[in-house]
Amino acid sequence: MTTPQTSDTNVDARIEVIQGDITEQDVDAIVNAANSSLLGGGGVDGAIHRAAGRQLLEECRTLGGCPTGEAKITRGYHLPARHVIHTVGPVWRGGEHGEAELLANCYRNSLALAAQHGLRTVAFPAISTGIYGYPLDEATAIAVRETRAFLATHPDIEHVTFICFGPHAYQTYLRALGR
Ligand code: APR
């Protein structure tokens, strides 16, 4: 068992940032930026459902939706990822409606669910920064802060990848990680 000190120091070694398509990631779980119905949508949600196939929607239908900030897990079906963790980010409404805490909860609850299921590798998109309009800099700071905090006390999660769909998000994540 590594002491918190050592796990703390190797936290950033377990975090990777890449530009790419989350549907192509061969990891234990990819995280989907879903909406509260969990019945699919546009953006990364649409891409994941298209790549996973209709069985994903069939399983999502059994979940009864998901409140903002919470997360639910399904199988990955035709995706290379074994599982999809569906989380619902906050819609940006100016920052005075608890958006920061709700977004932080998305990362905490997704990682907690991965740990509960014994998963070791997880890939995140930039939750809420697309259709939901969350400013990228603030959202990235929350993603990095919450992931570092979780990895510091959960050595069983071996690797977290932030998948950036474009160069702007990629540079923002690298800057947020001091790279
Ligand atoms: N791989 C990785 N990232 C992606 C992909 C992809 N294939 N497609 C889009 N993204 C990125 C976007 O560029 C953005 O940075 O995912 C981030 C989140 O954007 P959205 O998918 O728009 O998600 P969000 O802002 O959380 O809005 C959620 O959109 O798709 C609907 O059903 C979803 O209603 C919900 C809303």
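Bear in mind that the values here come from a model prediction, so they are computed numbers and not experimental data.

Novice: Break down the site of the ligand for me, with residues and values.
Specialist: Around the ligand lies a shell of 20 residues, among which Asn35, Gly42, Val44, Asp45 and Ile131 are the nearest. A distance of 3.0 Å is found between a nitrogen atom of the ligand and a backbone nitrogen or oxygen belonging to isoleucine 22. Within the side chain of aspartate 45, a nitrogen or oxygen atom sits 2.7 Å from an oxygen atom of the ligand. Protein chains shield 88% of the accessible area of the ligand, which is 690 Å² for the free molecule. Elements with a minimum of two residues in the shell around the ligand: β2 (29–34) and α2 (43–52). It is α2 that provides the largest number of residues to the shell around the ligand, a total of 4 residues. Grouping the constituent residues of the shell around the ligand by class yields 9 nonpolar, 9 polar and 2 charged.

Novice: Tell me about the side chain of aspartate 28, residues and numbers included.
Specialist: Within the secondary structure, aspartate 28 is located in the loop between β1 (15–19) and β2. Polar contacts involving the side chain of aspartate 28 include one to the side chain of arginine 82, which spans 3.0 Å. Dropping the residues within four chain positions of it, aspartate 28 is found in contact with Ala81, Arg82, His83, Leu119, Arg120 and Thr121.

Novice: Provide a residue-level description of the side chain of histidine 49, including the pertinent values.
Specialist: Position of histidine 49 relative to the elements: it lies in helix α2. Setting aside anything within four residues of it in sequence, one finds histidine 49 in contact with Asn32, Leu38, Gly40, Leu56, Leu57 and Cys60.

Novice: Explain the environment of tyrosine 170 to me, using residue names and the numbers behind them.
Specialist: Looking at the secondary structure, you find tyrosine 170 in helix α6 (residues 167–176). For the pair tyrosine 170 and asparagine 10, spaced 160 residues apart in sequence, the C-alpha separation works out to 22 Å. Other than its neighbours up to four places away in sequence, tyrosine 170 contacts Val17, Ile18, Gln19 and Cys164.

Novice: Before we move on, can you summarise the environment of valine 27 with the specific residues and values?
Specialist: Tracing the backbone shows valine 27 in the loop between β1 and β2. Judged by its relative accessible area of 8%, valine 27 is buried. Along the primary structure valine 27 and threonine 161 are separated by 134 residues, whereas in three dimensions their C-alpha atoms are 9.2 Å apart. The residues touching valine 27, leaving out its near neighbours within four places in the chain, are Pro80, Ala81, Arg82, Thr121 and Ala123.

Novice: Break down the sheet that holds strand β4 (residues 83–88) for me, with residues and values.
Specialist: In space, the 6 strands of this open sheet follow the order β1-β6-β5-β2-β4-β3, with mixed pairing throughout. Edge positions in the open sheet fall to β1 and β3 (71–75), since each of these has one partner strand only. Each neighbouring strand pair of the sheet contributes to a mean axis angle of 25°, computed without reference to strand direction. Pairing of β3 with β4, which is carried by 5 bridges, proceeds in the antiparallel orientation. Across the sheet, residue isoleucine 73 finds its bridge partner in β4, namely isoleucine 85. Along the sheet face, α2 touches β2 and β4 and points at about 130° away from the line of β2.

Rules used throughout
- Residues numbered from 1 in each chain as written.
- Predicted model: local features only at pLDDT ≥ 70, side-chain atom pairs only at ≥ 80, totals over all residues.
- Heavy atoms only, no water.
- Near = heavy atom within 4 Å.
- Polar contact = N/O pair within 3.5 Å; in protein donor to acceptor, adjacent residues only side chain to side chain.
- Areas by Shrake-Rupley, 256 points an atom, 1.4 Å probe, with all protein chains shown as cover.
- Helix = DSSP H or I, 4+ residues; strand = E, 2+ residues; numbered from the N terminus.
- Nonpolar A, V, L, I, M, F, W, Y, C, P; charged D, E, K, R; others polar.
- Contact = heavy atoms within 4.5 Å.
- Buried < 20%, exposed > 50% of the residue type's maximum accessible area, 1.4 Å probe, protein only.
- Pairing = 2+ DSSP bridges.
- Axes fitted to C-alpha atoms, helices over the stretch in contact; angles between N-to-C directions.

Purely geometric stuff here, so don't read any function into it on its own.
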